[in-house]
Structure formats: structure tokens, C-alpha cells
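# Examining the three-dimensional arrangement
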Amino acid sequence: MGKIISTRVVTFIACMALTSYSQATEPTKVISKIDDFTAKYNIVHSGDIVGKAERRLKNLADGSIEFSYKTDIEWLIFSDHRREDTVNTVVDGVIIPKSYKSAREGTGKDKYYHWSFDVDAQTATNLKKKKPQIKQLDWPAGLQSKLSYHLQSRFNLINNRNNFSFEVLSTSGKIGNYTYEYIGKENIMTPYGNIDAIKLKRKKPGKKQVTYVWFAPELNYLMVKLHQIESDFKQFHAELLSFEPSAN
């Protein structure tokens, strides 16, 4: 009987060890979807609310996602109204842009840009000029649009990836590197409420412009604050005002 019990105990322990090993080595599931949402922000300058901003994400029927960001600013005699839209697919938490549009109206010259991306052919086409401007030899891995890299930052945080360096196609067709430095955790106060956030910093090479961005883990790493410094006198920041999630 003692030998039988010993054999059973050994078998049980072995099974438990195997189960524990399987659980320990099982790869972490990669998140490739964010539910639809609308987030609204106040834009603040020198303590005064000078405009509004909105970020919106929508999952489309074909499996791609549409992400938009718009701002409306009225400050003294300055007026600025912008909207950016990008359509993307997401594979293993990696954003693959399909299109990018941006329009700007207000004080000064109005501007409009429209790009399409073909990751298989490795080309990006300026649809205003109706010709490819980024061709295969110039195509860097993980190329992002000027808006999709915001979304990639969020997916990286959701999936515990510490990569905050992105190759980004500018509206003019140039490819530049956007690298953010991880600053740490910080508790911030916003019109939405008190929030624990992850803080990142980007210093534009060769220029004074510095951008700080805060993402909230409790809101699935939604951007809750952005502070841009271009000079001592030109500083704006966007603070989360409201967040409306909506599942498909």
C-alpha cells in the first residue's frame, strides 16, 4: 500500500509541476483591439480654456479601425481648426496604416493632406499629387502616419511593450523618427478627475519644442493629457474632460 501511495503522490506532484510549467511558459495574449470610444478635452493656455479637442475611435465592419483627432482653438485674434483621420489594421498589437487625412483652417493659410499606405507593396501615395512618394527602398519597418503612431503608443502600453520610437511619415512626405522617453508614473488632476498616469516625453531634435504625454492605465491607457512647449510664451496643454466608451 505504501508503494502505491508513493507512486500516486509522485504522479500527482509531476502533473502539478507540468501544469505549473505550462502556465508559466504560456505566451501572454497580445491585445489588438480597443473598443469604440469618444474622449473630449479642454485646450488650455496660461490657465485659460482657449479651445476643445476630441479623440474618437470606431471599429469598422471590415476589421479595420478608424481613429480621428480634432481641435478647435480661438485665442485672441488667432483661430485654428484641425482634423486628422487615419484608418488602420492591427496585427499582434502592431498598427498598419491604410490611410491618413488632415485638414487645417483658420488664421493663415489653410492646408489639406491625404495619403494612402500599401504595406504589401511598401509604398505611400500622396493622393493630392496622385503618385507614390515613398517607395520600397525607402520604406522603414513599422512606418506610421502622423496620427497612427499615437494609437501605436497606446497599444504598446497595453501590451507592456517598452518601444516608444516610431518612424513617421510627415504630411510633406518626409520620414522622421519620433522617440519618446519614459519619465515614470505621475498622479495628475484633470477636469475628468484625479488620475494615475504614465508620463512620456519627446524632445524635437534641434528645436526647443518639447511634448509631454500622459496615458491612464485605469482607462486602458487612454491619453488623458498632452502638454506642448514651443517657447517660454507658447505653451498649450489638453486635459481630459469626458470619456464615453461604447462596445460593439
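Scroll up a little and you will see the structure.
Residues numbered from 1 in each chain as written. Predicted model: local features only at pLDDT ≥ 70, side-chain atom pairs only at ≥ 80, totals over all residues. Heavy atoms only, no water.

## A look at the overall build of the protein chain
Secondary structure assignment for the protein chain yields 2 helices and 15 strands. Residues counted as buried form 42% of the 248 residues belonging to the protein chain. Contacts spanning at least 24 positions in sequence make up 39% of the contacts within the protein chain whose residues lie at least 6 apart. If you sum the accessible surface of the protein chain, you get close to 14600 Å²; carbon and sulfur atoms cover 54% of it. (Helix = DSSP H or I, 4+ residues; strand = E, 2+ residues; numbered from the N terminus. Buried < 20%, exposed > 50% of the residue type's maximum accessible area, 1.4 Å probe, protein only. Contact = heavy atoms within 4.5 Å. Areas by Shrake-Rupley, 256 points an atom, 1.4 Å probe, with all protein chains shown as cover.)

## Focus: the nonpolar core
One finds Phe37, Tyr41, Phe117, Leu151, Leu222, Val224 and Leu240 to be the most contacted residues of the largest nonpolar core, which totals 53 residues. With 6 residues, strand E13 (residues 210-216) is the largest single contributor of residues to this core. Sequence-distant contacts of Leu240, defined by excluding residues within four places in its chain, comprise Ala39, Lys40, Tyr41, Thr190, Pro191, Tyr192, Ile195, Leu219, Leu222 and Val224. (Core = buried A, V, L, I, M, F, W, Y, C linked by side-chain atoms within 4.5 Å.)

## Quick look at the environment of Ala141
Looking at where Ala141 falls in the secondary structure, it is placed in the loop between strand E8 (131-134) and helix H2 (148-158). The exposure class assigned to Ala141 is exposed, which follows from its relative accessible area of 75%.

## What to know about H2
Burial analysis of H2 places 11 of its 11 residues in the buried class, the great majority of the element. Considered for burial, the residues of H2 that qualify are Ser148, Tyr149, His150, Leu151, Gln152, Ser153, Arg154, Phe155, Asn156, Leu157 and Ile158. Of the residues one or two after H2, Asn160 is the one with positive phi, at around 55°.

## Thoughts on the pattern of salt bridges
Taken as a whole and judged by the stated rule, the model has 6 salt bridges. The closest approach of N and O atoms between Glu54 and Arg56, which form a salt bridge, is 3.2 Å. Its relative accessible area of 11% is what places Glu54 among the buried residues. Between Asp80 and Arg104 there is a salt bridge whose closest N-O contact spans 2.9 Å. On the criterion of sequence distance, the pair formed by Asp80 in strand E4 (residues 78-91) and Arg104 in strand E5 (residues 94-106) is long-range, its members being 24 residues apart. In this structure, Asp80 and Arg104 share a single accessibility class: buried. The structure contains a network of salt bridges with shared partners spanning Asp80, Arg82 and Arg104. (Salt bridge = Lys/Arg side-chain N within 4 Å of Asp/Glu carboxyl O.)

## Some words on the packing of aromatic side chains
In the structure shown here, the tally under the stated rule is 6 aromatic pairs. Pairing Tyr212 with Trp214 gives two aromatic rings, centres 6.3 Å apart and planes at 35°, and the pair type is tilted. Across the pair, Trp214 and Tyr212 agree in class, each one buried. Geometry around Tyr113 places Lys128 over its ring, the cationic atom sitting 5.5 Å from the centre. Between the NZ or CZ atom of Lys199 and the centre of the ring of Tyr212, over which it lies, the distance is 4.8 Å. (Phe/Tyr/Trp six-rings, centres within 6.5 Å; stacked < 30°, edge-to-face > 60°. Lys NZ or Arg CZ within 6 Å of the ring centre and 35° of its normal.)

## Here we look at the pairing of strand E3 (residues 65-75)
Looking at chain direction, strand E2 (residues 48-59) and E3 are connected through 9 bridges and run antiparallel. Looking across to E3, one finds that Leu57 is bridged to Phe67. Taken together, E2 and the strand that follows it, E3, pair antiparallel across an intervening segment of 5 residues, in which Gly63 is found at a positive phi of about 95°. Sheet analysis places E3 next to E4, joined by 11 bridges and oriented antiparallel. Note on E4: the bridge partner recorded for Lys70 is Arg83. What sits between E3 and E4 in their antiparallel hairpin is a turn of 2 residues, with Leu76 showing a positive phi close to 55°. (Pairing = 2+ DSSP bridges.)

## Quick word on the environment of Ser46
As for its position among the elements, Ser46 is in the loop between strand E1 (36-45) and E2. Residue classification places Ser46 among the exposed positions, given a relative accessible area of 63%. At 3.4 Å, the side chain of Ser46 and the side chain of His45 are in polar contact. (Polar contact = N/O pair within 3.5 Å; in protein donor to acceptor, adjacent residues only side chain to side chain.)

## Re the side chain of Ser102
In this structure, Ser102 sits in strand E5. What Ser102 contacts, discounting residues up to four positions off in sequence, is Arg83, Glu84, Lys111, Tyr112, Tyr113 and Thr171.

## A closer look at unusual backbone geometry
Despite not being glycine, Asn160 shows a phi value in the positive range, around 55°. Checked against the element boundaries, Asn160 lands in the loop between H2 and strand E9 (165-169). Phi is positive for Tyr221, which is not a glycine, with a value near 60°. Relative to the assigned elements, Tyr221 resides in the loop between E13 and strand E14 (222-229).

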